[in-house]
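Examination of the molecular architecture
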Amino acid sequence: MGADGGSIPGRRDLVKTRGKAATTGKAVARERFFYCALSKKRLAKPVVADPLGKLYNKDAVIEYLLDKNAYGDGEQICPYISGVKDLLTLNAQPNPDEGESKAPFVCWLSLKEMNGAVPFIALRHCGCVFADGALRAVLPNLAKTGETAEGPAEAACPNCTKAFDPTSAAAVLPIYPAEEVQEELLADLLAARAAAKANKKRKSGKDKEKKEDKGDRVTKVAKLKNDRSASGSPAPANSSLAPSVRAQLAEQEKRRLAAQAGMSDAVKAMFHKGDTGKKGDVADFFGRTYNRYATS
Ligand SMILES: [Zn+2]
């Protein structure tokens, strides 16, 4: 067959090999629209899309969420799925043309098969699935993934008639978009999560501040009482307060200082965690995901 050092490969051998590789790539791209990314079973309702536009049978993702080892390569396929809230349940039209070789779903408008030949998108607000071109033909001001669009901010889904804002950057979720788009979608997801976390931290920080304020006030009142007693009599500080109250105040002050120290430690730990963080994981995840498709 050549290329093994024993013979010189002819043009036909090379062309044959290249043809085979191209078909394999195409078959893999096609398979993604036929089979659940986790269970590798044929896609059947209820079907969900993850934040990167990958497709699953819902029961398989639930199983994965309950047991991360339910599918051997689960942690390499969708480590970024943290809960059901990350999933979009799709309203896809089953292919009236049944059969193993036929795509499970078709576009609501054009009836084109969702088999990877043309790009497909889902509307995030209702989950209806369309061929990108067919939907944009009836909704010309529909935003592209991650971009906003100009025009009226209200439209109806041409399938289920539910109203939504077509100009919003989050209006559509592309199904199995190109790698670069998947990377953008993952970056968006991680950024949104980080923002939500920071927001939560800020809120709990405010609560702590409030508590500290209260603590301060108690100490100030105590101090005021001390001053008064100091000026009014030669008795030692705090003597005007009952011993039990004094002990209570001392305990409170101790707790306040401990809380302060504890908080700064927690903040330090957070920054350390951030340093070793997500970026490497992301790169690693992408490497593995795409390797898997390239080699299977
Ligand atoms: Zn709809």
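Everything that follows concerns the structure shown earlier in this document.
Residues numbered from 1 in each chain as written. Predicted model: local features only at pLDDT ≥ 70, side-chain atom pairs only at ≥ 80, totals over all residues. Heavy atoms only, no water.

Across its full length, the protein holds seven helices and 10 strands. Each of the 296 residues in the protein was classed as buried or not, and the buried ones make up 31%. Pairs at least 24 apart in sequence give 52% of the contacts found in the protein among residues at least 6 apart. Carbon and sulfur atoms make up 57% of the accessible area of the protein, which totals about 18300 Å². (Helix = DSSP H or I, 4+ residues; strand = E, 2+ residues; numbered from the N terminus. Buried < 20%, exposed > 50% of the residue type's maximum accessible area, 1.4 Å probe, protein only. Contact = heavy atoms within 4.5 Å. Areas by Shrake-Rupley, 256 points an atom, 1.4 Å probe, with all protein chains shown as cover.)

Before going further, it helps to examine the coordination of the zinc ion. On the protein side, the zinc ion has Cys126 (SG), Cys128 (SG), Cys157 (SG) and Cys160 (SG) as donor atoms, found 2.3 Å from it. Angles of 106 to 114° at the metal separate the four donor atoms of the zinc ion, which places the site in the tetrahedral class. For the zinc ion, the single-chain donor residues occur in sequence as C-x1-C-x28-C-x2-C. Residue Cys126 is located in the loop between strand E6 (120–123) and strand E7 (129–131), and its partner Cys160 is located in the loop between strand E8 (155–156) and strand E9 (163–164); the two are separated by 34 residues in the primary sequence. The class of Cys126 is buried, set by a relative accessible area of 18%. (Donors = N, O, S within 2.8 Å, 3.2 Å for Na, K, Ca; no water. Tetrahedral: all angles 85-135°; square planar, octahedral: opposite > 155°, others 65-115°.)

Attention now moves to a negative patch on the surface. On the surface, a cluster of negative charge is made up of Glu147, Glu179, Glu180, Glu183, Glu184 and Asp188. Assignment of secondary structure puts Glu179 in helix H5 (residues 179–232). (Patch = residues over 30% accessible without salt bridge, like charges linked within 9 Å, V, L, I, M, F, W, Y side chains within 5 Å. Salt bridge = Lys/Arg side-chain N within 4 Å of Asp/Glu carboxyl O. Lys, Arg positive; Asp, Glu negative; His and termini not counted. Charge placed at Lys NZ, Arg CZ, Asp CG, Glu CD.)

Before going further, it helps to examine helix H2 (residues 58–66). Of all the positions in H2, only Ala60, Val61 and Tyr64 are classed as buried. Taken down its axis, H2 places every buried residue within 95° of arc, on the same side. Of the exposed residues in H2, those oriented more than 90 degrees away from the buried face are Asp59 and Leu66. The elements touched by buried residues of H2 are strand E1 (47–49), strand E2 (55–57) and helix H3 (74–77). (Arc of directions from axis to C-beta.)

A separate point is the sheet that holds E7. Hydrogen bonds between backbone atoms are what pair the strands of a sheet, whose relative direction is either parallel or antiparallel. Strand order in the open sheet formed by three strands is E7-E6-E10, and the pairing between neighbours is antiparallel. With partners counted over all chains shown, the strands left at the sheet margins are E7 and strand E10 (172–174), one partner each. Direction aside, the axes of adjacent strands within the sheet are offset by 35° on average. Pairing geometry for E6 and E10, over three bridges, is antiparallel. When the bridges of E10 are listed, Leu123 appears paired with Val172. (Pairing = 2+ DSSP bridges. Axes fitted to C-alpha atoms, helices over the stretch in contact; angles between N-to-C directions.)

Within soluble globular proteins, side chains that are nonpolar tend to cluster in buried spots. Counting residues in each nonpolar core, the largest one holds 52 residues, and the members touching the most others are Leu38, Leu55, Tyr56, Leu90, Leu123, Leu142 and Ile175. For this core, the secondary structure elements donating two or more residues are E1, E2, H2, E6, E7, helix H4 (132–138), E10 and H5. Element by element, the count of residues in this core is highest for E6, at four residues. Residue-level mapping places this core at the junction of two domains, with at least three residues from each of domain 1 (12–177) and domain 2 (181–295). With residues near it in sequence (within four places) discarded, Leu38 still touches Tyr56, Ala60, Val61, Tyr64, Tyr71, Gly74, Ile77 and Cys78. (Core = buried A, V, L, I, M, F, W, Y, C linked by side-chain atoms within 4.5 Å. Domains from an automatic or database assignment.)

Let's shift gears to the pattern of salt bridges. Under the counting rule described, the total for this entry stands at four salt bridges. As a salt-bridge pair, Asp73 and Lys40 come within 3.4 Å of each other at their nearest N and O atoms. One end of the pair, Asp73, is in the loop between H2 and H3; the other, Lys40, is in the loop between helix H1 (11–31) and E1, and 33 residues separate them in sequence. We classify Asp73 as partly exposed; its relative accessible area is 21%. Salt-bridge contacts for Arg193 lead to Asp86; the nearest nitrogen and oxygen are separated by 2.8 Å. With Arg193 in helix H5 and Asp86 in the loop between H3 and strand E3 (88–89), this residue pair connects regions lying 107 residues apart in the sequence. For Asp86, a relative accessible area of 13% corresponds to the buried category.

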